[in-house]
Every structure is written in structure tokens, then in C-alpha cells.
Amino acid sequence: MLIDTHCHLADPAYEPDRQQVLDRAWAAGLSRVVVIGESPTRAESALELARSEPRLVATAGIHPHDARDWSASSETWLRGMLRDPRVVAVGETGLDFHYDHSPRPAQRQAFESQLAIAADTGRPVVIHAREADEEVAAILANHPAVTAILHSFSSGMGLLRAGLVHRHYVSFSGMVTFKNWRLDEAIRETPLDRLLLETDGPYLAPVPHRGQRNEPAFVAHVAARLAAVRGISVDELIAVTGRNAKQVFSLLTSH
Ligand SMILES: [Zn+2]
């Protein structure tokens, strides 16, 4: 039931040894990995991976960094991708006002459009939020039909609470193992039935792998840290987050 709900496995960082990375994931007890497709090229590679390995599923979307690329043809493309049942979510999308790699109006437009497509197609949305808490909360509130996953959560408690009001999910990454992590309160305040685990590989490798390339097998360190904060056993934490991942991404048990 150990599931990494967010790994950029289509990233070139895994090109040399992707199969070994996957072998280590299965050996570490993972049952599924959600492969994030944050651009058309990556999403198509993610889907290809999901076609070749039944324990992988894909997402498709356009990252806020690349929001300037969003156009009418992106919409057609994304709707086409979502016809494949292996594409289980839209994203990652959202707002990043820290880097501002794309102009903010373009970020807003790409985010809103992807939320509308998610609502139409009944898929959840993987959300990237950085230094844009209030606006992300406000935009999500305008799309009440959409289920969101606040990914690699490191935002403020305001966004957490606004999300939980709408029964959104909160996914924690290796950041929870870092010395400068200050958000145990967010781990404690997220109801157990909304909690998810992720690596966000190849980035954010948890301690004791900090600074290395991250990979799905390392999600066990995130599970251990969340279990400690919640005061429950690691097995229970893995069971409950696994159920949540299956629920939100509609992962069939037969796979
Ligand atoms: Zn990501």
C-alpha cells in the first residue's frame, strides 16, 4: 500500500537507470507510483511509462513555470490525454509567484483552464503553490467540483485550512525530514483520510539521502516521519495514505 503519489519519473535524471530505480521501488514495498507529466513532452513520456508497467499511472498538465505556453491547442491536447484511463489526474498546475518564470496573468489563465478541464473530466488536480497561498485558495474555491491535491505541501496554514474546508488532499514530501521544516502543525491538522505521501523526485530527497537524486523507494522516509508526528505506527500510516491515494486517483485494486 506504499504509494509515491508524485514523482517526475519521465525526467531525464532517470534516463540512465530508470528500470533499476523502479526495481528498487518495488523491492522497497511500493505498490504504485504516480508519474507526473508537467509538460506535453513529459506527460507523453509518463503515459508511455504507464503503458509499459501496470504499477505506474500518469498525470498530464502544464506547470506554472511553463504557463506562458498554454494555448487553445493545449486544451485540445490535455482533453485528448485524459481520454486514456491511465492518465489519472491533471497537473501539476497552480501558481508560483516565487520564481515567476511565466507572467502571473498567464499562470492564472493556465491554472483556471486546467481546473475547468478537470471539472469536466472528473479528474483530480495536482496543485503546485508557491508564495501564492491566498490566490490559490481563492481560485480553488471558485471550482468547488474539483478535488485538489496540495502537493509537496510547504505553504501556510491558511491555504491548508482553506483546502481542508473543501476536502482537498494534502501531500507531504521529503521536506518533512529537513532540519528547517517548521510545519508539523500542518501534518497534525490534516485529517488522516486526506493525507498523501510523495517524493517529488528527482528533487527534495529526504534525509538521509538529502542532496542525492530522489527516487520512489525513498518515500518510506516520508512515511516514517509522518507516522512519528501523528503518533501512529508506520504500517498504519502507510495503509491509510495508500487507501487515500487509491481513492483520489481512482486506482483499481486489480492492477
Ligand atoms: Zn512536482
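Structure shown above.
**Some points on the overall build of the chain**
Reasoning step 1: For the chain, the helix and strand inventory stands at 9 helices and 8 strands.
Reasoning step 2: Computed over C-alpha atoms, the radius of gyration of the chain comes to 17 Å, within 12% of the 18 Å expected from 2.2 N^0.38 for 255 residues, which places it in the range of a compact globule.
Reasoning step 3: The C-alpha extent of the chain, read off along each of the three principal axes, is 45 × 40 × 35 Å.
Reasoning step 4: Here the chain holds 255 residues, and 57% of them are scored as buried.

**Examining the coordination of the zinc ion**
Reasoning step 1: Distances from the zinc ion to its protein donors, namely His6 (NE2), His8 (NE2), Glu92 (OE) and Asp200 (OD), fall within the range 2.1 to 2.5 Å.
Reasoning step 2: The sequence pattern describing where the donors of the zinc ion fall on their chain is H-x1-H-x83-E-x107-D. Here Asp200 lies in the loop between strand E8 (195-197) and helix H8 (219-230) and His8 lies in the loop between strand E1 (2-7) and helix H1 (18-27), a separation of 192 residues in the sequence.

**Focus: the packing of aromatic side chains**
Reasoning step 1: Applying the stated criterion across every chain, the model contains 2 aromatic pairs.
Reasoning step 2: A centroid spacing of 6.0 Å and a plane angle of 70° characterise the contact between Phe153 and Phe172, whose relative ring orientation is edge-to-face. Remark: Phe172 occurs in strand E7 (residues 169-172) and Phe153 occurs in the loop between strand E6 (148-150) and helix H6 (157-165); sequence separation between them is 19 residues.
Reasoning step 3: For the pair Phe172 and Trp181, a centre-to-centre distance of 6.1 Å together with 85° between the ring planes defines the contact as edge-to-face. As far as burial versus exposure is concerned, Phe172 and Trp181 are alike and both buried.
Reasoning step 4: Here the aromatic cluster, defined as three or more aromatic residues joined through ring pairs, consists of Phe153, Phe172 and Trp181.
Reasoning step 5: Residue placement shows Arg104 over the ring face of Phe97; its charged tip is 4.1 Å from the ring centre.
Reasoning step 6: Stacked on the ring of Phe178, the Lys or Arg Arg210 has its end atom at 3.5 Å from the ring centre.

Rules of the game
- Residues numbered from 1 in each chain as written.
- Predicted model: local features only at pLDDT ≥ 70, side-chain atom pairs only at ≥ 80, totals over all residues.
- Heavy atoms only, no water.
- Helix = DSSP H or I, 4+ residues; strand = E, 2+ residues; numbered from the N terminus.
- Rg over C-alpha atoms; globule rule 2.2 N^0.38 Å.
- Buried < 20%, exposed > 50% of the residue type's maximum accessible area, 1.4 Å probe, protein only.
- Donors = N, O, S within 2.8 Å, 3.2 Å for Na, K, Ca; no water.
- Phe/Tyr/Trp six-rings, centres within 6.5 Å; stacked < 30°, edge-to-face > 60°.
- Lys NZ or Arg CZ within 6 Å of the ring centre and 35° of its normal.

Just geometry here; none of it tells us what the structure is for.
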